[in-house]
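Next come the chains, spelled out residue by residue.
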Amino acid sequence: MRYMVTGANGFVGRHLTHMLLEQGHTVHALVRGQVSHSGIRHAQYVPFTGDICHPQSILPAVAGCDGIFHTAAYAKPWAKDASLYHRVNVEGTQHVLDAAVQAGIQKVVCTSSAGIFGISNGTPVNESSVRAAPYYNAYERSKAAADQLAFTYAASGPEVVIVAPTRIFGPAPIHTLQAVNIMIFQYLFNGWRFIPGKGSQIANYIYVTDVAAGLMAAMQHGRNGEYYILGGDNHSIQSFFDMLSLVSGVHKRMIHIPEWMMRVIARIELFKPYWGGTPTFTPDWLHKAISNWETDTGKARKALHLSPMDLQSGLTLTVDNFRQQYAAASDARVKHT
């Protein structure tokens, strides 16, 4: 089969692309710059330079494909121009789906976020959960809007399936780390020893190759117009760091940061752009750290036949990968001095 992958050089997109190639598929990889193509060498890897914000650049990559995996998104916690979330996540999704219609694509699998279903409040959220609270930030609003837009195409255009991963971690280039991976890396090599609140807050974690496998399974088994939450184990933040300490052999006395102090830190972060910096933690993302995000992943496990890796095994592989990269980077620095 021949598939287009948007965001093929991103965290999930890169793993998905490798998995598709390993299984004998041809991949039309849509990435924004030629330099991004250098990481993959394969006879069935066909690179296309394009941007989902520029609809005409998508069409050459879509031509001749059997399906589309849409993984490209803007997911950073801050943007100088807040409208970037809507342009990339909503309008970009529309451009991809319009290209699918024009090319006669049979099926599109879009990547959303389990966070759009809201906090768990004692009961794990699932695909049928109705969000009680408003969306906290521009990212959540844009992903929810993109999903609703995508489902309108499911009624008359190509089949559309949406997968919603929980908190993703796993091997990635150490200069492009995001979210959970940043915590892991900072814990291993820098001064990270902080836990928000009491550390009892629950979240769901999934290894990145399980997300890629879930995307592929959704293309094969996913039903038109439906969500599938992709997740692994539910763990408290304290349990997560306990597991990280166990598999890495790095033991630190963790410092619990009270919620009021986190709110102060988040507000201080907003001043970084005035000095040329970029906020990494802002007030409208505070809920990610202080709330419960327990998730029921039974639908995807049953319908898509998924068996995600347990947290301990995933952390072990991630720690090993980061250590190898860190050692290689250190060796390179020594050679250049």
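This structure is a prediction, so every number in the text was calculated from the model and none was measured.

Draft legend 1. The pattern of salt bridges, seen in detail. For the structure shown, the criterion picks out six salt bridges. Here glutamate 259 makes a salt bridge to arginine 263, at a shortest N to O gap of 2.6 Å. You can see glutamate 259 and its partner arginine 263 sitting in helix H8 (residues 259-269), four residues apart, about one turn around the helix. The exposure class assigned to glutamate 259 is partly exposed, which follows from its relative accessible area of 36%. The salt bridge involving glutamate 269 is made with lysine 272; its shortest N-O contact spans 3.1 Å. Since its relative accessible area comes to 12%, glutamate 269 is described here as buried. Looking at lysine 272, the relative accessible area reads 29%, which means it is partly exposed. Residues participating in the shared-partner salt-bridge network are Arg223, Glu226 and Lys299.

Draft legend 2. Representation of the nonpolar core. Formed by 58 residues in total, the largest nonpolar core has its most connected members in Phe69 and Ile184. Considering every element that reaches this core, the biggest residue donor is helix H6 (residues 208-221), with eight residues. The next biggest cluster of nonpolar side chains, apart from the first, holds 39 residues, and it includes Val96, Phe151, Tyr153 and Ile162.

Draft legend 3. Structural detail: a nonpolar patch on the surface. A cluster of nonpolar side chains, namely Trp260, Met261, Val264, Ile265 and Ile268, defines an oily patch on the protein surface of about 480 Å² accessible area. Along the chain, isoleucine 268 falls in helix H8. A residue is classified by how much of its surface remains accessible, and isoleucine 268, at 51% relative accessible area, is exposed.

Draft legend 4. How the structure looks around the layout of surface pockets. A volume near 300 Å³ is recorded for the second largest pocket. Looking at the lining of the second largest pocket, the elements with two or more residues in it are helix H1 (11-22), strand E4 (67-70) and H6. Of the residues forming the lining of the second largest pocket, the biggest block, six residues, is contributed by H6. The residue makeup of the lining of the second largest pocket, split by class, is nine nonpolar, six polar and two charged.

Draft legend 5. Quick look at H6. Over its 14 residues, H6 extends 20 Å from the first C-alpha to the last, a length consistent with the 20 Å expected when each residue adds 1.5 Å. Most of H6 is tucked away, with ten of its 14 residues classed as buried. Where H6 is concerned, the buried positions are Val208, Asp210, Val211, Ala212, Gly214, Leu215, Met216, Ala217, Ala218 and Met219.

Draft legend 6. Quick look at the sheet that holds strand E1 (residues 2-6). One open sheet holds the seven strands; their spatial order is E3-E2-E1-E4-E5-E6-E10, and the pairing between them is parallel. Strands with a single pairing partner mark the edges of an open sheet, and in this sheet they are strand E3 (45-49) and strand E10 (227-230). Taken over all neighbouring pairs, the strand axes of this sheet differ in orientation by 20° on average, direction set aside. Relative to strand E6 (residues 159-165), strand E5 (residues 107-111) is paired through five bridges, and the arrangement is parallel. The residue of E6 that forms the bridge with valine 109 is valine 161. On top of the sheet, helix H2 (residues 55-62) reaches E1, strand E2 (26-31), E3 and E4; it is set at about 165° to E2, its chief contact. Lying over the sheet, helix H4 (residues 138-154) contacts E5, E6 and E10, oriented at roughly 155° with respect to E6.

Draft legend 7. Broad picture of the sheet that holds strand E7 (residues 167-169). The strand order E7-E9-E11 describes an open sheet built from three strands, whose pairing is mixed. Strand pairing shows two members of the sheet lacking a second neighbour, E7 and strand E11 (233-236), which therefore form its edges. Adjacent strand axes in the sheet meet at a mean angle of 45°, parallel and antiparallel pairs treated alike. The strands that helix H7 (residues 237-248) touches are strand E9 (202-207) and E11; relative to E11, the one it contacts most, it runs at about 100°.

Draft legend 8. Local environment of empty space enclosed by the protein. On inspection of all chains with the given rule, the structure shows three cavities of 30 Å³ or more. Approximately 50 Å³ is the volume found for the largest cavity. Among the elements of the structure, helix H3 (84-103), E5 and H4 are those that each provide at least two residues to the lining of the largest cavity. Ranked by residue count, the leading element in the lining of the largest cavity is H4, at four residues. Taken together, the residues of the lining of the largest cavity sort by class into three nonpolar, four polar and two charged.

Draft legend 9. Region of interest: the packing of H1 against H6. At a minimum axis separation of 9 Å, H1 and H6 run at an interaxial angle of 65°. Our pair here, H1 against H6, has a crossing hand that is right-handed. Residues Phe11, Val12, His15, Leu16, Met19 and Leu20 of H1 pack against Val208, Thr209, Val211, Ala212, Ala213, Leu215 and Met216 of H6. Of the residues assigned to the contact of H1 with H6, the class counts are eleven nonpolar, two polar and no charged.

Draft legend 10. Structural context of unusual backbone geometry. One non-glycine residue, alanine 179, lies in positive phi territory at about 45°. Assignment of secondary structure puts alanine 179 in helix H5 (residues 179-189). A positive phi is found at histidine 305, a non-glycine position, where the angle reads about 60°. In this structure, histidine 305 sits in the loop between helix H10 (298-303) and helix H11 (311-335).

Cut-offs applied
- Residues numbered from 1 in each chain as written.
- Predicted model: local features only at pLDDT ≥ 70, side-chain atom pairs only at ≥ 80, totals over all residues.
- Heavy atoms only, no water.
- Salt bridge = Lys/Arg side-chain N within 4 Å of Asp/Glu carboxyl O.
- Helix = DSSP H or I, 4+ residues; strand = E, 2+ residues; numbered from the N terminus.
- Buried < 20%, exposed > 50% of the residue type's maximum accessible area, 1.4 Å probe, protein only.
- Core = buried A, V, L, I, M, F, W, Y, C linked by side-chain atoms within 4.5 Å.
- Patch = residues over 30% accessible without salt bridge, like charges linked within 9 Å, V, L, I, M, F, W, Y side chains within 5 Å.
- Areas by Shrake-Rupley, 256 points an atom, 1.4 Å probe, with all protein chains shown as cover.
- 1 Å grid on protein atoms, 1.4 Å probe; cavity = no way out; pocket = protein on both sides within 12 Å on 5 of 7 lines; lining within 4 Å.
- Points joined across faces, edges and corners; volume = space filled by probe spheres on them.
- Nonpolar A, V, L, I, M, F, W, Y, C, P; charged D, E, K, R; others polar.
- Expected span 1.5 Å × (residues − 1).
- Pairing = 2+ DSSP bridges.
- Axes fitted to C-alpha atoms, helices over the stretch in contact; angles between N-to-C directions.
- Contact = heavy atoms within 4.5 Å.
- Left-handed = near helix turned anticlockwise from the far one by under 90°.

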